[in-house]
Amino acid sequence: MKKRILAIVMTLLCAVSLIRIPVEAKAQQIRKTEYEGNGKVEVEFYGYAQYKNAKVTVKAPDGTKLTAKIIDKDHDDLDFKVKGLKAGTKYTYTISGIRFGKSGKYCSISGTFKTPKTELFIEKVKYDREDKELEIDFFTRVQFKKVKVTLIDENGKSTTLKILEKDKDSLEVRAKGLKRGKTYTVQVSGVRLYRKGSYTTVTKKFTVK
């Protein structure tokens, strides 16, 4: 009796194993969406993307559609630019005419991004101990007018730093004697968004590694 039951169970298992269950390919997920300033948004994907008449639409929280245009696309990322964005606002975007892998239907995917409260801020400060240079990167493109860079240590002592190089979104200054593990504040005056607003002062704290 036990042998007969075992035989029946084995037969059923073999039958189940022969049944082909259609498995839906895992939908391609968006790895990261990043607002890069000046209306530009970068979307990174997991895997391999293909496009056919791809378009992007962007909506504000109230449902209003904004003018958006794809400016670059690759198998693992896509960049688009939007007009009329407001600071400190969360937007929804949809990319149509996209598929992942080398087969299947082209479809649409959606994601979100948020604009910062202001685009004028220092994004990163990096100290090169060997060259004794401080690199100051802004979040987006900026302009300078009578620009001045001041370094303030933990005790409140301030030092004006010599500017070595100016770029569209960064500064390089001479900074000697910065100590590892110490926290400093860098202050940049005479800066504004590119062709927009008044010249002002921005600051950022950083720790020397």
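Since the structure is predicted, the reported quantities are computational estimates derived from the model, not experimental observations.

Definitions and cut-offs
Residues numbered from 1 in each chain as written. Predicted model: local features only at pLDDT ≥ 70, side-chain atom pairs only at ≥ 80, totals over all residues. Heavy atoms only, no water. Pairing = 2+ DSSP bridges. Helix = DSSP H or I, 4+ residues; strand = E, 2+ residues; numbered from the N terminus. Axes fitted to C-alpha atoms, helices over the stretch in contact; angles between N-to-C directions. Salt bridge = Lys/Arg side-chain N within 4 Å of Asp/Glu carboxyl O. Buried < 20%, exposed > 50% of the residue type's maximum accessible area, 1.4 Å probe, protein only. Lys, Arg positive; Asp, Glu negative; His and termini not counted. Contact = heavy atoms within 4.5 Å.

Q: Help me understand the sheet that holds strand β9 (residues 122–128) in this model?
A: Across a sheet, paired strands are connected by hydrogen bonds in the backbone, their directions being either parallel or antiparallel. Strand order across the open sheet formed by seven strands is β9-β10-β13-β12-β11-β14-β15, with antiparallel pairing between neighbours. At either end of the open sheet lies a strand with only one pairing partner, and these are β9 and β15 (196–207). Sheet twist, expressed as the average angle between the axes of neighbouring strands with direction ignored, equals 25 degrees. Sheet analysis places strand β12 (residues 158–166) next to strand β13 (residues 170–174), joined by four bridges and oriented antiparallel. In the strand pairing of β13, Glu-165 is matched with Glu-172.

Q: So what exactly am I meant to see when it comes to the pattern of salt bridges here?
A: Side chains that differ in charge, positive against negative, can pair when their charged atoms come close. Evaluation of the coordinates by the stated rule reveals six salt bridges. Put simply, Lys-32 and Glu-34 hold a salt bridge, and the shortest N to O gap is 3.7 Å. Here the salt bridges share partners, and the residues they tie into one network are Glu-36, Lys-40 and Asp-79.

Q: For this particular structure, what's the right way to read the pairing of strand β14 (residues 183–193)?
A: Every regular strand shows the same layout, with side chains that alternate between the two sheet faces. Of all 11 residues that make up β14, nine are buried, and the element is covered over most of its length. Strand direction decides the pairing type here: strand β11 (residues 142–152) and β14, joined by eight bridges, are antiparallel. Looking at the pairing, Leu-151 lines up with Val-186 of β14. As judged from the nine bridges shared by β14 and β15, these two strands associate in the antiparallel manner.

Q: Can you help me understand the side chain of Asp-77 in this one?
A: In this structure, Asp-77 sits in strand β6 (residues 77–82). No salt bridge forms around the buried Asp-77; measuring N to O, its nearest opposite-charge neighbour Arg-31 is 8.3 Å away. Residues contacting Asp-77, with those up to four places away along its chain left out, are Glu-42, Val-43, Glu-44, Phe-45 and Tyr-51.

Q: What is the right way to look at the sheet that holds β6 in this model?
A: If you walk across this open sheet you meet the four strands as β1-β2-β6-β5, and the pairing is antiparallel. Of all the strands in the sheet, the pair left with one neighbour each is β1 (30–37) and β5 (68–73). Recorded for the sheet is a direction-independent mean angle of 25 degrees between the axes of neighbouring strands. In the sheet, β1 pairs with strand β2 (residues 40–45) via six bridges, with the strands oriented antiparallel. Directly across from Glu-34, in β2, lies its bridge partner Glu-42.

Q: Is there a simple way to explain the side chain of Ser-170 in this structure?
A: Take Ser-170: it is sitting in strand β13. Taking relative accessible area as the criterion, Ser-170 reaches 12% and is therefore assigned buried. When sequence neighbours within four positions are dropped, the list of residues in contact with Ser-170 reads Ile-136, Asp-137, Phe-138, Phe-144 and Glu-165.

Q: Help me out: how do you make sense of the environment of Lys-86 in this one?
A: Examined against the element boundaries, Lys-86 turns out to sit in the loop between β6 and β7 (90–100). The exposure class of Lys-86 is exposed, given its relative accessible area of 60%. The spacing of Lys-86 and Thr-118 is 32 residues in sequence and 9.3 Å in space, taken between C-alpha atoms. When sequence neighbours within four positions are dropped, the list of residues in contact with Lys-86 reads Tyr-91 and Thr-115.

Q: When you look at unusual backbone geometry in this model, what are you seeing that I'm missing?
A: Not every positive phi belongs to a glycine, and Asn-53 is a case in point at roughly 50 degrees. Among the secondary structure elements, Asn-53 is positioned in strand β3 (residues 49–59). At Arg-195, a position not held by glycine, the phi torsion is positive, near 55 degrees. Arg-195 sits in the exposed class, given a relative accessible area of 65%.

Note that all results are geometric; they support no functional claim without further evidence.
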